[in-house]
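Letter by letter, the chains look like this.
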Amino acid sequence: MARVTDRLPVFPWDRLEPYKTAATAHPDGVVDLSVGTPVDPVPAVIQQALTDAADSPGYPLTYGTAALREAIAGWLHRRLAVDADPAAVLPLIGSKELVGWLPVLLDLREGDQVGYPQLAYPTYEIGALVARAEAVTYADPVADLDPTRVRLLWLNTPSNPTGRTLDAAELRRIVAWAREHGVLVVSDECYVELGWETEPVSILHPEVCGGSHDGLIAVHSLSKRSNFAGYRGAFLAGDPTVVKELLAVRKHLGMIVPAPVQRAMIAALGDQAHADEQYERYARRRAALRTAFEGAGFRIEHSEASLYLWATRDEPCWDTVGDLSKQGILVAPGEFYGPAGERHVRIAFTATDERVAEAVRRLGGDA
């Protein structure tokens, strides 16, 4: 029997294990800045909503409840100035699920191309390979991609790993090109509320799309803003025809967000106070780590948004990873995100305040 894994690369994080072992051996423990996983408590308002919905014996709706779809549309309007029809949104079992399965759900196949950034979250490529489509990278999608072959164009703004954002003018240019050639644009906006030196804009903002969502989908996650990663809750919004098709296929496949999680999503989207508090936590950690790494000889590039510092000492990334692991600090090699990252590392600021302070101490020379 043929195996899907035969056409997939080795899971990149497995290559980091020896360095994790080395960092963990540090007498004062590891400071793990390699993965952007939330470490702070799930806000009480979300926990309570989940608990209140614990007695949910029936099957939930793939489409989500009307209350959830209204909550999603309301959040998009309040936070991003996006006017979304509640009928054209869809809850997801975490955003990675959508990224990995979208080419299959759209019936992409051999001969079709999926475009994604040269420096990018690896799952864009994996989704294409699972569907047997061709994964192609770009520095500039308009200049670098063949519109006769690309059926799905991924944007990621703010970017993982670099933190770079696309402004409204750049997005308008891409949208115009994609619409001219009938290319579906899907914008991964999971870090859109985490702008530090810029205000990220959604592809569905009227200044970008002209008030029409045709040919456009935006993907959002609650994992970072609401410490929701363990709950697996996300959503998409955009082109009503595409949303309708995705809903129809997902119903057949049982891609359903559990009912208690749907209730918790409503609570998370309706409470801005906890998201603002989390933003301030990340801002403090970012400032401390940026100062410490720059003081230790690193150059920080882009990083104006998202949960990461994109850093380099102008050396191979694995040399940097190895050197930092001796100080008990674990970071992600830029190579994980594409060959263009081979001389950078990605530094997450999702560690606890105590671990961030420990990293700052070690980088100051007190290892």
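Here the structure is shown first, and the text comes after it.
Predicted model only: the values in this text are computed from it and were never measured. (Residues numbered from 1 in each chain as written. Predicted model: local features only at pLDDT ≥ 70, side-chain atom pairs only at ≥ 80, totals over all residues. Heavy atoms only, no water.)

Asks: I'd like a description of the pattern of salt bridges, backed by residues and values.
Replies: Evaluation of the coordinates by the stated rule reveals 24 salt bridges. In this structure, the salt-bridge partner of R290 is E294, at a minimum N-O distance of 3.2 Å. Here E294 and R290 lie together in helix α11 (residues 272-295), a separation of four residues that amounts to about one turn. We classify R290 as buried; its relative accessible area is 19%. One salt bridge connects E315 with R313, and the closest N-O pair in it is separated by 2.9 Å. Its relative accessible area of 25% is what places R313 among the partly exposed residues. A single network of salt bridges, built from pairs that share partners, joins D28, E358, R361 and R362. (Salt bridge = Lys/Arg side-chain N within 4 Å of Asp/Glu carboxyl O. Helix = DSSP H or I, 4+ residues; strand = E, 2+ residues; numbered from the N terminus. Buried < 20%, exposed > 50% of the residue type's maximum accessible area, 1.4 Å probe, protein only.)

Asks: So what about the nonpolar core? Which residues, and what values?
Replies: Core analysis: the largest hydrophobic core is formed by 45 residues, its most contacted members being L76, L153, L155, I203 and F228. Looking at this core, the elements that each hand over two or more residues are α3 (66-80), β4 (134-138), β5 (150-156), α7 (168-181), α8 (206-209), β7 (216-221), β8 (234-238) and α10 (259-270). Beyond its immediate chain neighbours, meaning those up to four positions away, L155 contacts Y124, Y138, L166, L171, I174, V185, V186, S187, D188 and I203. Counting residues in each nonpolar core, the second largest holds 38 residues, with W196, L289, Y337 and I347 among its members. (Core = buried A, V, L, I, M, F, W, Y, C linked by side-chain atoms within 4.5 Å. Contact = heavy atoms within 4.5 Å.)

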